[in-house]
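This is what each chain is made of:
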Amino acid sequence: MSDEPQPQQHGQGWAPREPRTTGTPQRENGTGTKTETGRKRVRTGWRRYVPTWRMVLGGFLLAALLIVGAFFLGYSLVHIPSANALATQQANVYLYADGSVLARDGEINRESVSLDRISEEAQHAVLAAEDRDFYTESAVDPQAMIRAAWNTAIGKGRQSGSTITQQYVKNYYLRQEQTVTRKVKEFFIAIKLDREQSKDEILEGYLNTSYFGRNAYGIQAAAQAYYGIDAQALDAPRAAYLAALVNAPSQYDVITHPENRPAAESRWNYVLDGMVQEGWLGKAERTGLKFPEPKETTTSTGMSGQRGYIVRTVKDHLIRNRILDEEELDAGGHRITTTLHKDKQDAFVDAVNDNLMDRLDPENREVDTYVRAGGAAIDPRSGKVVAMYNGIDYVKQYTPNATRRDYQVGSIFKPFVFASAVENRSTTQSGRAITPNTVYDGTNERPVQGWPGERYAPANEDDRSYGHITVREATDKSVNAVYAQMAVDVGSDKVQQTAIDLGIPATTPELTPSPSIALGVATASALDMAEAYATLANHGEHGAYTMIEKITKDGNKTVPLPERKTRQAVSREAADTTTAVLRGVVQNGTASAAQGAGRPAAGKTGTAEEDKAAWFAGYTPELATVVSVMGQDPVTAEQKKLYGVMGLSRINGGGPPAEIWAQFTREALKGEPVSDFDLRLQKGAEHTAPPTASADPSSGDPDDDTFDTPGTDENADRGQEQDENGEDGTEGGTRGRTDEGATGDIPTGGGTSDSTPAGATHGANGTEGTGRTGDIPTGTGTGTGRGDQGRGGQSNQGGLTGYLQQSPRRQ
């Protein structure tokens, strides 16, 4: 057989052989086209636009990977920043002694408080309004964010999808701009914060940073701004209204925008219903609640009126006493409870208005535009400042008049001279002990004796001469000649020290040792003088005044206060004897207007040189108060004379200052028991010598500092009295000196001795008596006095009468 292939015949199963190919076999695709096995099929038609399941799965995995990566990247890159300055800035809150708000200072009205100082009703109300699932949900709520974005997009108004945590982050850490970057930061910070802080801490921060309108940041400031109470006192209806405000602070203030009341009440009801739904409020209680009307919008926390003065004075007090420094005060966050009483503060303002400001006519009298008033009141027992008056309005008159030290205090300084005399057991130039009954020469412009400096001869008020006059009368009538001489007798340096011991600052301008110190040339403030008079009222025991009850920082940290120390500045005998003399000024002297207080009172009037200021300083056992009326040009600030104010020829201490004092004291002590002074007097001071002075008839009519009525002591009537030494008679014993008495040191003994007797006003005619130093003998004895004792003789001339007839020089 041939090896060649043989041809086949058709029909016998023969078919031409397909050519061989190398590689993969081919097969038909859906379109009839053959493709190589394993190669990607080409899709045509609409199928080309539909992703395969592989593409979908791959895309999902890629997106998830990107999201997770972005989350971890964002989480690692975004850190919790420091709080923004606005969120941490707080006001210092100043409170009255009863805890009511006096003022707030600082641009931001915020007072941060701890969560336990916010009522549960307030906490639940805010949660019901803003985030009812706060304690159970995560820091962010994506569904709420999407929902809020959708509602905003379709026109339902801009809505917040943020949780309380996110809102707190926005308020505390970030700015308020609406940007994607800020929202991203807010998202990641909220997540981190939720891991680092407890829910209570976050809620506390949120409640302290949220804005409630009326410039109130934080719920504590809001509670005060709308209801005048602390956040701790918020009940359900008030809390629900404040919670409603967070959504639209300006729009929902029904006082400022009464037209929005329906919307505000609707939001209020929404909050309350939410509290019921969450089990935070009973249905029965909810049914009976009525919309709580907020108070009128006021400036009660601003600096107008007395508030600005008080804040400034308290700040100065804190800094001067190193309780807080300026940086600490500027940082804010302090809750400063003062010693001021709101009712007494209001009473002071009313007293000044009623007796001075409302009586001025600045449109028709230019001098009435000069009038300024200041005053301060201190509790003598505690040293607490309970009220101050500084001016008509801090925003109109900036200088606090209660603390300024640029006006002479005048004759209200004289009691310090007498107190120093008793304290130092001082004597006159001739050696007589100085007591209320010691007789001096009250001649106008009489040169003082014993002063080594230049000649000093002060004029009395209205140039009036009083002749021979007791210290008691000289105090009643405010005789300059007597007190200038007394200052030299005591020693002006000792007078200066006594004033400092009583409470006058050693740095007080013009507080210098010289005869003029007695006339009040020093320019102490009303508050300084009130402290010194409070020391007299407290039987000579001194403690620096205080204006602060307590201070807390950031709602929980207590700032330590210095311990108040007291000491016996002058003896009780010196202080109480001075009080007895000053009682006479009120009863019979220049301060009779002070009797309007309706209580036992002691005090002294005073007038500065050229009548640029008038003063009254007085006290009861419960309250020491000093009032000043000053003249100052409102444009140049130059001190001005007060002639013609209120249409009067002049303003004296016994006029408006004493009248203001009387009304204020009466109102400030209303309801308190009336108590009398408990005095322990200098030996001999419990009795009163008879009047000795006769005014110079040519001196003219006296003003309120020159009454003709002789002064009397509250413990004795002038004239004959009884004591252990005798019956209704006159003890004629004389305690004289045989040496010649110095000018101004008026001897009152009989006989030829030009000396000062110390016979008492009690005793039988001519009987021997040891007498009380300085008392005026009225017996008929002419005892010549020997040493410290003398026997009264029998004569028709004796005592002061004998001296007046026989003295070779009467001034």
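Residues numbered from 1 in each chain as written. Predicted model: local features only at pLDDT ≥ 70, side-chain atom pairs only at ≥ 80, totals over all residues. Heavy atoms only, no water.

1. A closer look at the overall build of the protein
Heads up, the rule is: Under the scheme used here, helices are H or I runs from DSSP no shorter than 4 residues and strands are E runs no shorter than 2 residues, and both carry numbers assigned from the N terminus. Contacts are assigned to residue pairs with any non-hydrogen atoms lying within 4.5 Å of each other. Every accessible area reported is derived by Shrake-Rupley at a probe size of 1.4 Å, with residue values counting cover from the shown protein chains alone.
A tally of helices and strands in the protein yields 22 helices and 18 strands. Contacts in the protein between residues far apart in sequence, at least 24 positions, make up 70% of those at least 6 positions apart. For the protein, the accessible surface area stands at approximately 37,400 Å², while carbon and sulfur atoms represent 48% of it.

2. Examining the sheet that holds strand β8 (residues 371-378)
The strands that make up a sheet pair up through hydrogen bonds in the backbone, lying either parallel or antiparallel. The following threshold applies: Following DSSP output, two strands are said to pair if at least two bridges run between them. Note on definitions: angles span 0 to 180 degrees between N-to-C directions of axes, and those axes are lines fitted to C-alpha atoms, for helices only across the stretch in contact.
Here we have five strands laid out as an open sheet, ordered β9-β8-β18-β17-β16, and antiparallel in their pairing. In this open sheet, the two edge strands, each paired with only one partner strand, are β9 (385-389) and β16 (602-607). Pairwise comparison of adjacent strand axes, ignoring direction, gives a mean angle of 5° for this sheet. Here β8 runs beside β9; their pairing, made up of four bridges, is antiparallel. Across the sheet, residue Ile-378 finds its bridge partner in β9, namely Val-385. Against the sheet, helix α19 (residues 526-537) contacts β8, β9, β16, β17 (613-619) and β18 (624-631), and its axis sits at roughly 35° relative to β8. Helix α20 (residues 572-588) contacts β16 and β17 of the sheet and is inclined by roughly 65° relative to β16.

3. Digging into the pairing of strand β3 (residues 92-95)
Defined as follows: Buried means the residue's accessible area, taken with a 1.4 Å probe over protein chains only, is under 20% of the maximum for its type, while exposed means over 50%, and partly exposed covers the values in between.
The side-chain alternation of β3 yields two buried faces, one formed by Asn-92 and Tyr-94 and the other by Val-93 and Leu-95. The sheet contact formed by β3 and strand β4 (residues 101-105) spans four bridges and is antiparallel. Residue pairing in the sheet places Tyr-94 in a bridge with Ala-103 of β4. Linking β3 back to β4 in an antiparallel pair, the connection comprises five residues, with Gly-99 at a positive phi of about 95°.

4. What to know about the packing of aromatic side chains
How we decide: Here a Phe, Tyr or Trp ring, Trp counted by its six-membered ring, pairs with any other such ring whose centre lies within 6.5 Å, and the pair is stacked when the planes are under 30 degrees apart, edge-to-face when over 60, and tilted otherwise. Only when the NZ atom of a Lys or the CZ atom of an Arg is both within 6 Å of the ring centre and within 35 degrees of the ring normal do we say a charge sits over the ring.
The final tally for this structure, using the stated rule, is 15 aromatic pairs. With centroids separated by 6.1 Å and ring planes inclined at 65°, the aromatic side chains of Tyr-533 and Tyr-619 adopt a geometry described as edge-to-face. Placement of Tyr-533 in helix α19 and of Tyr-619 in strand β17 is noted, with a sequence separation of 86 residues between them. For the residue pair Tyr-533 and Tyr-619, the accessibility class agrees, reading buried in each case. On the numbers, 5.3 Å between centres and 75° between planes, the contact of Phe-616 with Trp-661 is edge-to-face. Remark: Trp-661 occurs in helix α21 (residues 656-668) and Phe-616 occurs in strand β17; sequence separation between them is 45 residues. Given a relative accessible area of 0%, Trp-661 falls into the buried group. A network of ring pairs unites the aromatic residues Tyr-226, Tyr-227, Tyr-241, Trp-268 and Phe-291 as a single cluster. One residue, Arg-238, lies across the ring of Tyr-227, its end atom 5.4 Å from the ring centre. One cation-aromatic arrangement involves Arg-286 over Trp-268; the distance from NZ or CZ to the ring centre is 5.8 Å.

5. Things to note about a negative patch on the surface
What counts is decided by this rule: Any residue with relative accessible area above 30% and no salt bridge may belong to a patch, with like charges joined within 9 Å and the nonpolar Val, Leu, Ile, Met, Phe, Trp and Tyr side chains within 5 Å. Counted as salt bridges are all cases of a side-chain nitrogen of Lys or Arg within 4 Å of a carboxyl oxygen of Asp or Glu. Counted as positive: Lys and Arg. Counted as negative: Asp and Glu. His and the chain ends are not counted at all. The location of each charge is read from NZ of Lys, CZ of Arg, CG of Asp or CD of Glu.
Together, Asp-316, Asp-325, Glu-326, Glu-327, Glu-328 and Asp-330 line one region of the surface with negative charge. For the negative patch, the element with the most residues is helix α13 (residues 326-331), which contributes four residues. The residue Asp-316 is located in helix α12 (residues 307-320) in this model. Since its relative accessible area comes to 39%, Asp-316 is described here as partly exposed.

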